[in-house]
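# Summary of structural features
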Amino acid sequence: MLEVENLNYSVDGTWILSDVSLEVHTGEFVGVLGPNGSGKSTLLKNIYKMLRPQSGRILLQGKDMLSMSNREMARNLSVVAQEHEGSFDFTVEEVVMMGRQARKKLTESFDEEDREAVCAALRQVELEPLLLRSYISLSGGEKQRVLIARALVQEVPLMILDEPTNHLDIGSQIKTLNLLKKSGKTVLTALHDLSIAVKYCDRIYVLQNGRNVVSGPPSEVITQELIRSLYDIDAALFSHNGELFLQYGN
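One structure accompanies this document, and this report is about it. (Residues numbered from 1 in each chain as written. Predicted model: local features only at pLDDT ≥ 70, side-chain atom pairs only at ≥ 80, totals over all residues. Heavy atoms only, no water.)

## With respect to the packing of aromatic side chains
This structure, assessed with the given rule, holds 0 aromatic pairs. Here the guanidinium or amino end of lysine 143 rests over the ring plane of tyrosine 135, the centre of that ring lying 5.6 Å away. Its guanidinium or amino end placed over the ring of tyrosine 200, lysine 199 lies 5.7 Å from that ring's centre, counting from NZ or CZ. (Phe/Tyr/Trp six-rings, centres within 6.5 Å; stacked < 30°, edge-to-face > 60°. Lys NZ or Arg CZ within 6 Å of the ring centre and 35° of its normal.)

## Points about helix α9 (residues 224–231)
All of the buried residues along α9 are Leu226, Ile227 and Leu230. An end-on view of α9 places all buried positions within 95° of arc, on one side of the element. Looking one or two residues past α9, aspartate 232 carries a phi angle of roughly 60°, positive in sign. (Buried < 20%, exposed > 50% of the residue type's maximum accessible area, 1.4 Å probe, protein only. Helix = DSSP H or I, 4+ residues; strand = E, 2+ residues; numbered from the N terminus. Arc of directions from axis to C-beta.)

## Some thoughts on the packing of helix α5 (residues 140–153) against helix α6 (residues 170–182)
The interhelical angle for the contact between α5 and α6, taken along N-to-C directions, is 5°, at an axis separation of 12 Å. When the interaxial angle is binned, α5 and α6 end up roughly parallel. Counted together, Arg145, Ile148 and Leu152 of α5 and Ser172, Thr176, Leu179 and Leu180 of α6 form the full contact between these two elements. Here the residues of the contact of α5 with α6 are counted per class, giving 4 nonpolar, 2 polar and 1 charged. (Axes fitted to C-alpha atoms, helices over the stretch in contact; angles between N-to-C directions. Parallel < 35°, antiparallel > 145°, perpendicular 65-115°, else oblique. Contact = heavy atoms within 4.5 Å. Nonpolar A, V, L, I, M, F, W, Y, C, P; charged D, E, K, R; others polar.)

## Let's talk about the pattern of salt bridges
Considering all chains together, one arrives at 14 salt bridges under this definition. For the salt bridge of arginine 100 with glutamate 155, the shortest nitrogen-to-oxygen distance reads 3.3 Å. On the criterion of sequence distance, the pair formed by arginine 100 in the loop between α3 (92–97) and α4 (112–124) and glutamate 155 in the loop between α5 and β7 (158–162) is long-range, its members being 55 residues apart. The exposure class assigned to glutamate 155 is partly exposed, which follows from its relative accessible area of 43%. Between lysine 104 and aspartate 114 there is a salt bridge, and its shortest N-O distance comes to 2.6 Å. Taken together, the residues lysine 104 in the loop between α3 and α4 and aspartate 114 in helix α4 connect sequence positions 10 residues apart. The exposure classification of lysine 104 matches that of aspartate 114, with both residues buried. Through salt bridges that share partners, Arg100, Arg103, Lys104, Glu108, Asp111, Asp114 and Glu155 make up one connected network. (Salt bridge = Lys/Arg side-chain N within 4 Å of Asp/Glu carboxyl O.)

## Quick word on the nonpolar core
Side chains of a nonpolar character, in soluble globular proteins, are inclined to be buried together. Core analysis: the biggest nonpolar cluster contains 47 residues, and Val96, Leu122, Val146, Ile204 and Ile222 have the highest contact counts within it. Sequence-distant contacts of isoleucine 204, that is, excluding residues within four places in its chain, are made with Gly31, Leu33, Ala197, Val214, Ser215, Gly216, Pro218, Val221 and Ile222. In terms of nonpolar packing, the next biggest core, distinct from the first, is built from 29 residues, Leu2, Leu7, Leu60 and Ile160 among them. (Core = buried A, V, L, I, M, F, W, Y, C linked by side-chain atoms within 4.5 Å.)

## Notes on the side chain of arginine 203
Checked against the element boundaries, arginine 203 lands in strand β9 (residues 203–208). On the basis of relative accessibility, which here comes to 16%, the residue arginine 203 falls in the buried class. Of note is the side chain of arginine 203, whose polar atom sits 2.6 Å from the backbone oxygen of glutamate 23. Not counting chain neighbours up to four residues away, the residues in contact with arginine 203 comprise Glu23, Val24, His25, Glu28, Phe29, Val30, Gly31, Gly216, Pro217 and Pro218. (Polar contact = N/O pair within 3.5 Å; in protein donor to acceptor, adjacent residues only side chain to side chain.)

## Points about the sheet that holds strand β10 (residues 211–216)
Strand order in this open sheet of 6 strands is β6-β7-β8-β3-β9-β10, and the pairing throughout is mixed. Because the sheet does not close on itself, it has two edges, and the strands there are β6 (77–80) and β10. For this sheet, the mean angle separating the axes of adjacent strands, direction not counted, is 15°. The strands that α5 touches are β6 and β7; relative to β6, the one it contacts most, it runs at about 175°. Running at roughly 35° to β9, α9 makes contact with β9 and β10 of the sheet. (Pairing = 2+ DSSP bridges.)

The quantities given are spatial measurements derived from coordinates; they are silent on function.
Below you can see the structure in the form of structure tokens.
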């Protein structure tokens, strides 16, 4: 579904991404891991065209994304960025409804089907009672869940998420990730938490200093040696009742 080939991106002569490549196949949950400053967010921003690479290709279902209009892109992928958007006093309903815009003609108004879709998405993230609340009055975690609802209501096959569990308490983290995993969407997400990557990702790509270090299934990629080299801590991967877990040393 998504191919990134030899992507290079620099700022003021400093290379932030160097020859980064990845693939995301239909139905996969793919994570991008790495320490702070490794280029995770920059990679995602290049993919959804907030930034423009110096060289390389980004293909979405075989089409060159750099030549796509923003409207065409919005009909194929949804984005949940790390930064909370907007200082205008929109209601929660209005913010989520923005996710339906790409499905409409320029002069077409929202209808009952759109409103039902918005309510359904807010039910999924357990925020329907806040439908008419001011978005800027919400907590960080509530805003994050509203933006996930907006991404869901676009009804597109690919979701790109930058730290989707940012600001969420542990209960909301698990519910949100279970929702994304079961949604049937193809997911590409930047993650900090190795435990989440181990539990939810089908494959991961690890970045360090803007370069691909290794990629593959978490059970093969996340090793004690890798964790030590990336984060300077000791941890081991073990299996219990068919699930993988990380155990951190002192």
